Amino acid sequence: MARRRLSEAIRLQIIGMHATGASFKAIGRQLGYHYTVISRLVRKHRQTGAVKDRPQSGRPRVTSEREDRALLRIIRREPFSTSTVLKRAWLPNRHLSTRTVRNRLKAAGMAARRVIKRPRLTDDHKRRRLAWCLARQRWNLRTWRRIHWSDESRFLLHVTDGRLRVWRHRNTAYTPRNIRQTVPFGGGSVMVWGCISHDCKLDLVTIRGNLTGDQYMRRVLEPVVVTHFDNHPLATRPVYMDDNARPHRSRAVVDYLQNNAVTLPWPAMSPDLNPLEHVWDILGRRIQALQPPVQTLRELEAALHREWLQVTREQIRRLTGGMRRRVDAVIRARGGFTRY
């Protein structure tokens, strides 16, 4: 951890306090420094008559504090810039290294971190998201537990993580053990449909090929959703949520749902409001952790159905029980991005 540097004003204050008879520990407690720092400063003042730092060995700084602040202004405007781009935009007429740029940013408490990806939100998206949440801000758990959250997700057979790193020596990039082998399009994928609520979890459905409105009705709505809803009394009949994907909004699907289910209007570009998205994340992590890993699409499909059954009611209730927090987060962000 870097030491806190004493400003010249603080140093003069310490010398003045010591001259009035204050002890090292008393000065340290009042100013928030260890007493040894105070004693070293007083000793140096007795020996040299000054409080400034002595000349030190090492390479002097090539930038001033004013120039460092200019770099921070640039990074606030263009946070995705690389150190090479920043070097050219910061002091184009100065010979600087990219290491200097990174050192200045690190000294300001900044570091290159993983980028959070979210759907692109227009002003209209934000207005609709905000209006949706304001209309449901006072819903309690009794109301939220009637909602049945549905969604589809596609899982790759071989996931390629662009953030993967390898520890290796220089000039060993093409050593076989340092190479991550990949296959085109992840080796294929399996699409599944799922639905959860605060009190239940419906069967996972495998989607063959591309999802169409007709397939959505024949394989999902008729045999799974409506059959489940018909088992509830009319007074407690569940409310069905699906997003605005094109198969969900075909004319045939809309007419079918109007006649057979109560649906929840949904604002576009709002995966952070659907707790089922976190269940997909749970499934993805469990599939990646399997040993030995799945090798075929059939094994991947079987593993997805097996892991879906292993998702507990407690895990689901932690997600669905936090809907008020999700809604409040969108309201605080005025319809913008949230941490969910």
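Residue indices begin from 1 for each chain and proceed along its sequence in written order. Thresholds applied to this predicted model are a pLDDT of at least 70 for local features of residues and 80 or more for the giving and counting of side-chain atom pairs; totals over whole chains, interfaces and linings are not thresholded and use all residues. Water and hydrogen atoms were dropped before computing side-chain values, which therefore reflect all heavy atoms in the structure.

Undergrad: How should I be thinking about the sheet that holds strand E1 (residues 147–156) in this particular structure?
TA: Through backbone hydrogen bonds, the strands of a sheet pair up, either in parallel or in antiparallel fashion. Here, strands pair whenever DSSP counts at least two bridges between them. Only runs of H or I of at least four residues qualify as helices and only runs of E of at least two qualify as strands under DSSP, and these elements are numbered from the N terminus. What the five strands build is an open sheet, ordered E3-E2-E1-E4-E5; its pairing is mixed. Each end of this open sheet is capped by a strand with a single partner; those strands are strand E3 (205–207) and strand E5 (262–263). Of the pairings in the sheet, the one linking E1 to strand E2 (residues 189–196) comprises eight bridges and is antiparallel in character. Its bridge partner being in E2, Ser153 is matched across the sheet by Val192.

Undergrad: I'm lost on the packing of aromatic side chains in this one. Help?
TA: For any two aromatic rings, the description comes down to two numbers: the centre-to-centre distance and the angle of the planes. Paired rings are identified among Phe, Tyr and Trp, the last through its six-membered ring, by centres lying within 6.5 Å, and are further divided according to the angle between planes into stacked (under 30 degrees), edge-to-face (over 60) and tilted (the rest). In the structure shown here, the tally under the stated rule is eight aromatic pairs. Summarising the aromatic geometry, the rings of Trp149 and Trp266 are spaced 6.0 Å apart at their centres and angled 75° between planes, so their arrangement reads as edge-to-face. Residue Trp149 is found in strand E1, and its partner Trp266 is found in the loop between E5 and helix H11 (276–288); the two are separated by 117 residues along the sequence. Residue classification places Trp149 among the buried positions, given a relative accessible area of 1%. Here's how the labels work: a residue is buried when its accessible area is under 20% of the maximum for its type, exposed when over 50%, partly exposed in between, all with a 1.4 Å probe on protein chains only. Owing to a relative accessible area of 11%, Trp266 belongs among the buried residues under this scheme. Relative to Trp280, the ring of Phe155 has its centre 6.1 Å away and its plane inclined at 75°; by these criteria the two rings are edge-to-face. Of this pair, Phe155 sits in strand E1 while Trp280 sits in helix H11, and the two are 125 residues apart along the sequence. By the ring-pair criterion, three or more aromatic residues cluster together here, those being Trp132, Trp139, Trp144, Trp149 and Trp266. A cation over a ring is seen here: Lys25 above Tyr35, with NZ or CZ 5.2 Å from the ring centre. Think of it as a cone above the ring: NZ of Lys or CZ of Arg counts as a charge over the ring if it is within 6 Å of the ring centre and within 35 degrees of the ring normal.

Shape descriptors only; they carry no functional weight alone.
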